[in-house]
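# Observations on chain architecture
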Amino acid sequence: MTTARRVTLSALAAAGLVALGTVSASAHVTITPSTTAAGATAVLRVEIPHGCEESATTGLTIRMPDGVTDATATGTDRWAAEQAADSVTWTTDEPLPDGEHAEVELSVRLPDDAGATLVFPVVQQCEVGEAAWTEVAEHAEGHDELERPAPVVVVTAGDAADADADPADAAATAHAAHPADSADTEAAGATTDTGARDPLVTYGAAGLLAAGVLVGGAALLRQRRRQP
């Protein structure tokens, strides 16, 4: 076997392992946060990838870990949300078939401790049985090896104010942070506008002067014609 062929087969084998890892990870219930900044309000997107042993999904319950506050669930046309003191539950009258996936959302306030590991135990109810996504690995490296791992979010150091800020306020913030630059820009705009108006003023004055000369000449000519 040539070296080029061995390299090609090795690359294909590595790609196959990556693909298997991706499929395995995608088969889990997952939580994707809009931000992980400490103290920020995050929108958690919860994805249900399949049913329970080929049985359709009828509900989903997520328990809030310590330190997470202000949980607010969002319902959809299909899923009704119900909140309890430390959990959120979604239910549906239209069971989700095993071969389909769905997403639901909730917003939470993340704790102020950067580096905190937040475990969100999830129980998936189905028409027949349920699936408890509650397993926790002793080490982060072993998370993907679990059969039914609980979704995990790690809080990071960051500016919670920036994470919570409305993007529409960015322009006003920039203007307040650099007033001198804004003033220079406005002054430059004013100079440009004045320069654009100056030719009009000059042409207008020249036109009035020419009209005055014509009117004066016509009056002088009439006066001479009246003299004997």
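Residues numbered from 1 in each chain as written. Predicted model: local features only at pLDDT ≥ 70, side-chain atom pairs only at ≥ 80, totals over all residues. Heavy atoms only, no water.

### Re the sheet that holds strand 1 (residues 30–33)
The condition is simple: DSSP bridges decide pairing: two strands pair if at least two such bridges lie between them. Secondary structure elements follow DSSP: runs of H or I of four or more residues count as helices, runs of E of two or more count as strands, with numbering from the N terminus. Axis lines are fitted through C-alpha atoms, for helices just across the contact stretch, and the angle between N-to-C directions can take any value from 0 to 180 degrees.
Spatial strand order, 1-2-7-4: 4 strands in an open sheet with antiparallel pairing. Each end of this open sheet is capped by a strand with a single partner; those strands are strand 1 and strand 4 (69–74). Each adjacent strand pair in this sheet contributes to an overall mean axis angle of 25°, direction not counted. Pairing of strand 4 with strand 7 (residues 102–109), which is carried by 4 bridges, proceeds in the antiparallel orientation.

### Focus: the sheet that holds strand 5 (residues 80–83)
What the 5 strands build is an open sheet, ordered 5-6-3-9-10; its pairing is antiparallel. In this open sheet, the two edge strands, each paired with only one partner strand, are strand 5 and strand 10 (130–133). With direction set aside, neighbouring strand axes in the sheet form an average angle of 15°. Of the strand pairs in this sheet, strand 3 (residues 57–63) and strand 6 (residues 87–96) are connected by 6 bridges, and their pairing is antiparallel.

### Focus on the nonpolar core
Which entries qualify depends on this criterion: Remark: nonpolar core denotes a set of buried residues (Ala, Val, Leu, Ile, Met, Phe, Trp, Tyr, Cys) joined through side-chain atoms within 4.5 Å. Only protein chains enter the area calculation, which uses a 1.4 Å probe; residues under 20% of their type maximum are buried, those over 50% are exposed, and those in between are partly exposed. Residue contacts are counted whenever heavy atoms from the two residues lie within 4.5 Å of one another.
Counting residues in hydrophobic clusters, the biggest one holds 30 residues, and the most contacted among them are Val46, Ile62, Met64, Trp90, Leu106 and Phe120. Within the residue set of this core, elements represented by two or more residues are strand 2 (41–48), strand 3, strand 6, strand 7, strand 9 (122–126) and strand 10. Contacts of isoleucine 62, omitting those with residues within four sequence positions, involve Ile31, Val46, Asp86, Ser87, Val88, Trp90, Phe120, Pro121 and Val122.

### Notes on the confidence of the model for the chain
So the rule is basically this: Residue-level confidence of the predictor, termed pLDDT, takes values from 0 up to 100.
Summing up the model confidence of the chain, the mean pLDDT is 73 and the portion of residues at 70 or higher is 58%. At the low end of the mean pLDDT range in the chain sits helix 1 (residues 3–26), at 38; at the high end sits strand 3, at 98. Low pLDDT (under 50) marks residues 166–221, which in the prediction has 2 contacts with non-local residues, meaning those over four places away or in another chain.

### Here we look at the pairing of strand 9
Of the two faces of strand 9, the one lined by Val122, Gln124 and Cys126 is fully buried and the one lined by Val123 and Gln125 carries no buried residue. Bridge count for strand 9 against strand 10 is 4 bridges, and the pairing is antiparallel. By the bridge assignment for strand 10, glutamine 125 is matched with glutamate 130.

### Focus: the environment of alanine 80
Inspection of the secondary structure assignment puts alanine 80 in strand 5. Setting aside anything within four residues of it in sequence, one finds alanine 80 in contact with Thr89, Trp90 and Thr91.

### Overview of the pattern of salt bridges
Oppositely charged side chains are able to pair whenever their charged atoms sit close together. Cut-off, in case you're wondering: Whenever Lys or Arg places a side-chain nitrogen within 4 Å of a carboxyl oxygen from Asp or Glu, that contact is recorded as a salt bridge.
The final tally for this structure, using the stated rule, is 2 salt bridges. Arginine 45 is the partner of glutamate 103 in a salt bridge, and the nearest nitrogen-oxygen pair spans 3.5 Å. A residue pair is termed long-range when its members are at least 10 positions apart, and glutamate 103 in strand 7 and arginine 45 in strand 2 qualify at 58 residues. Where arginine 148 meets glutamate 53, a salt bridge forms, and the shortest distance between an N and an O atom there is 3.6 Å. One end of the pair, arginine 148, is in the loop between strand 10 and strand 11 (152–154); the other, glutamate 53, is in the loop between strand 2 and strand 3, and 95 residues separate them in sequence. By relative accessible area, glutamate 53 is classed as exposed at 68%.

### A closer look at unusual backbone geometry
At glutamate 53, a position not held by glycine, the phi torsion is positive, near 50°. In this model, aspartate 70 sits at a positive phi of 55°, which is unusual for a non-glycine residue. With respect to the helices and strands, the residue aspartate 70 is situated in strand 4. By relative accessible area, which is 58% here, aspartate 70 ends up exposed.

### Thoughts on the side chain of threonine 57
Heads up, the rule is: Under the rule applied, a polar contact is a pair of N or O atoms within 3.5 Å (in protein, one hydrogen donor and one hydrogen acceptor; residues adjacent in sequence only if both atoms are side-chain atoms).
Residue placement: threonine 57 occurs in strand 3. Side-chain polar atoms of threonine 57 contact the side chain of glutamine 124, separated by 2.8 Å. Residue contacts for threonine 57: discarding those within four places in its chain leaves Ile48, His50, Gly51, Trp79, Thr92, Pro95, Leu96, Gln124, Gln125 and Cys126.

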